[in-house]
Protein chains: 2
Amino acid sequence: MPATKGLASSVRMRDVAERAGVSRMTVSRALNKPDSVKPELRQRVFDAVEELGYVHNHLARSLSSSRSNVIGLVLPSLENSIFAQTVKGISDVLRPTGYHLMLAESPDNAEEEEQVISAFVAQRVGGLILHGTEHSPAAVRMLRASHTPVVENGDLPKDPIDMVVSYSNRAASKAMTLHLARLGYSKIVFAGLASNPRAEERQKGFLEALKEVGQSPDMQKIVRVSRGFVGGEEAIAHIAAHLPDTDALFCAGDVLAVGALFDCDRRGWAVPDRLAIASFDDVDLVRHVSPGITSLRLPRYEIGRRSAELLLQRINAKKSSVKKVDLGFEIVQRAST
Amino acid sequence: MPATKGLASSVRMRDVAERAGVSRMTVSRALNKPDSVKPELRQRVFDAVEELGYVHNHLARSLSSSRSNVIGLVLPSLENSIFAQTVKGISDVLRPTGYHLMLAESPDNAEEEEQVISAFVAQRVGGLILHGTEHSPAAVRMLRASHTPVVENGDLPKDPIDMVVSYSNRAASKAMTLHLARLGYSKIVFAGLASNPRAEERQKGFLEALKEVGQSPDMQKIVRVSRGFVGGEEAIAHIAAHLPDTDALFCAGDVLAVGALFDCDRRGWAVPDRLAIASFDDVDLVRHVSPGITSLRLPRYEIGRRSAELLLQRINAKKSSVKKVDLGFEIVQRAST
DNA sequence: TTGTAAGCGTTATCAG
DNA sequence: CTGATAACGCTTACAA
């Protein structure tokens, strides 16, 4: 049993207790509920903690109390800075509460996500925020069985695991397409990444809008491209080669749209006269290029804030009322359309 | 003691043991060292795990074994996608080992970092990777006292906490400045963010290079700007107003450089003829703008990979030899200079 | 190869 | 307000 190797740390609560001349429980209380301990003893405890360099063992605390102070966040990728705002929203809520946020990256596929979720559940996190919208049945079962409070962020799923805070990818995509139609564009092409559930919703929204304005929801108007700036170039190349009369390009992501814009520049295509460009997700970059790109502004920060709030409410079992929050979106019209 | 609220999960190892008709130890072994259990029993255990939806409790495991399977990573910000590669490097090493990476964001100041480090130590992580280079004395004491293996990433500090895997900000900055001088630029301005230790090292490198080419290390040649694209605009505005004969701008970050390039575009300044632009950190964006921006390519992925490797070696107490790894950098010459 | 007993460092409970 | 004791769920050490 002696911890000869591995996790060291050595100083235990009992050491602090001895040093301060009190029982372990008094130390525990001084640390967790300072007001419940007489000022004098409390001070002795704090001094002992300081002198010994004691660091509370949350492992033991969680095990014993059946409560964790960590919230897990699963993100599909860190390459995309769009999540930075969501993280900030979560942190701002969590900071004053004593909860800590730990994130893990997981590719956008249910199997790998299951590994990550499983690791978080194994650590018995107090709650989980998931960006992915497609989950393995095993992951869902695990989450439900463990009663881990969960908030999903990436879309408004039909059958949520637990709580949802998001916007509708389909509605946003549809709204932008209608916006383009209203501006007079009639040959709109949609460029998106290879299939993931949110990308598909965005496609559906695009097609729905076409139908609504009396056009055939033609799959030919959808181009599937690679990730990154190069994806935008691919979209333009496709248009140049196969759909030359296209008058507007709607990209399912900022980076794609900027890549497309750069490529138009190189080709001498005037934006928006030869081709209008619109994008999904209003990151800083799209308003700094020229022309600025018309974009969908999504409530990234707010999603983080509300997610954390709901999680804390559920954990503290105050309200369990709210299950689904649709935070909407906004169209930012710029010079590119 | 009953877990009436909070962490639920209910299914314990003993439940699995009963169901499989074996002792808890056999379950434990089947889970952790499958080969040490007879195939038949092992299968019974796995079946029971499956049927009951059991998820291993790593809290209890770590507490009991004094070993953790999580590695913590502290990043100054997620806004900057430069860290995505480092995270990938770490993940690639960790994935096959059963270790899990958990990241936390911490602003670039020692006090807030201390909170985050403290949380990780409280969770008794198996190892820690820190990007910040400036740490509070308390944080260092805590890390040393807990014997947590630590790798620092952001620079090559004089007095490392434990291990270091990085490049030299000063050397990189100096090399790029000398590169510009070699190309014939003689009125070089350096634009950087408000002070953090790495930013200061970059300034020093710039000034050292100036001295080396026989120029006065003049603080007037250093502009302090805001974060983001707007910082690049500020740099150009400063040059236009106060240092109009500047022939090259060296930005201590990509986004700054791109912001500067965009602003030159708007002003009708030809790059590199009116003004050459170079940047720190070779992200995707800088080679997609036109002209492509000359940049310092830093070994982000490799830093992650080596950091994780060193950490695992230290944890497994194989080699404790390597303490400091300088991974260098590379200058990528493009059309902007 | 499997089982038994003790303990990891904390907190819940209840008595004082 | 403080302390003794028994868990929390797992693994180490040792015995069979």
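Residues numbered from 1 in each chain as written. Chains lettered and ligands numbered in written order. Predicted model: local features only at pLDDT ≥ 70, side-chain atom pairs only at ≥ 80, totals over all residues. Heavy atoms only, no water.

A.B. asks: So what's going on with the relation of the copies chain B and chain A? Residues and values would help.
C.D. replies: Between the two copies, chain B and chain A, the superposition gives an RMSD of 0.1 Å; the rotation angle is 180° and the shift along the axis is 0.1 Å. What we have between these two chains is a two-fold relation. Taken as a fraction of all interface residues of chain B, those also at the interface in chain A reach 100%, which identifies the copy contact as same-surface. (Least-squares fit on C-alpha atoms with pLDDT ≥ 70 in both. Contact = heavy atoms within 4.5 Å.)

A.B. asks: I'd like a description of the protein's contact with DNA strand D, backed by residues and values.
C.D. replies: Close contacts around DNA strand D come from 28 residues, with Thr26 and Arg29 of chain A together with Met13, Ser28 and Tyr54 of chain B the closest. For DNA strand D, the backbone portion of the atoms within 4 Å of the protein, that is sugar and phosphate, comes to 62%. Between DNA strand D and Lys38 of chain A there is a distance of 2.9 Å, counted from a phosphate oxygen to a backbone nitrogen or oxygen. Side-chain polar atom of Ser28 of chain B to a phosphate oxygen of DNA strand D: 2.3 Å apart, as the coordinates give it. (Near = heavy atom within 4 Å. Polar contact = N/O pair within 3.5 Å; in protein donor to acceptor, adjacent residues only side chain to side chain.)

A.B. asks: Describe the protein's contact with DNA strand C, naming the residues involved and giving the relevant values.
C.D. replies: Not every one of the 26 residues close to DNA strand C is listed here, only the nearest: Met13, Ser28 and Tyr54 of chain A together with Thr26 and Leu41 of chain B. Protein-proximal atoms of DNA strand C, defined as those within 4 Å of the protein, fall in sugar or phosphate at a share of 61%. In this structure, a phosphate oxygen belonging to DNA strand C sits 2.2 Å away from a side-chain N or O atom of Ser28 of chain A. At 3.1 Å from a phosphate oxygen of DNA strand C is found a side-chain nitrogen or oxygen belonging to His56 of chain A. Counting residues per element, the ones that place at least two in the surface near DNA strand C are α2 (24-32) and α4 (58-65) of chain A together with α2 (24-32) and α4 (58-65) of chain B. Residues belonging to the surface near DNA strand C are distributed by class as follows: 11 nonpolar, 10 polar and 5 charged. (Helix = DSSP H or I, 4+ residues; strand = E, 2+ residues; numbered from the N terminus. Nonpolar A, V, L, I, M, F, W, Y, C, P; charged D, E, K, R; others polar.)

A.B. asks: Could you give me a rundown of the packing of helix α6 (residues 110-122) of chain B against helix α7 (residues 137-145) of chain B, with the residues and numbers involved?
C.D. replies: Residue and element names in this part refer to chain B. Following both chains from N to C, one finds α6 and α7 inclined at 15°, their axes separated by 9 Å at the closest point. With respect to each other, α6 and α7 are oriented roughly parallel. Helix-helix and strand crossings are classified by hand; for α6 and α7 the assignment is left-handed. Residues Glu114, Ile117, Ser118 and Val121 of α6 lie in contact with α7, whose contacting residues are Ala138, Ala139, Met142 and Leu143. Taken together, the residues of the contact of α6 with α7 sort by class into 6 nonpolar, 1 polar and 1 charged. (Axes fitted to C-alpha atoms, helices over the stretch in contact; angles between N-to-C directions. Parallel < 35°, antiparallel > 145°, perpendicular 65-115°, else oblique. Left-handed = near helix turned anticlockwise from the far one by under 90°.)

A.B. asks: Summarise the domain arrangement of chain A; cite the residues concerned and give the values.
C.D. replies: Domain boundaries assigned for chain A yield domain 1 (8-56), domain 2 (68-167 + 301-327) and domain 3 (169-297). For domain 1 of chain A versus domain 2 of chain A, the distance between C-alpha centres works out to 34 Å. (Domains from an automatic or database assignment.)

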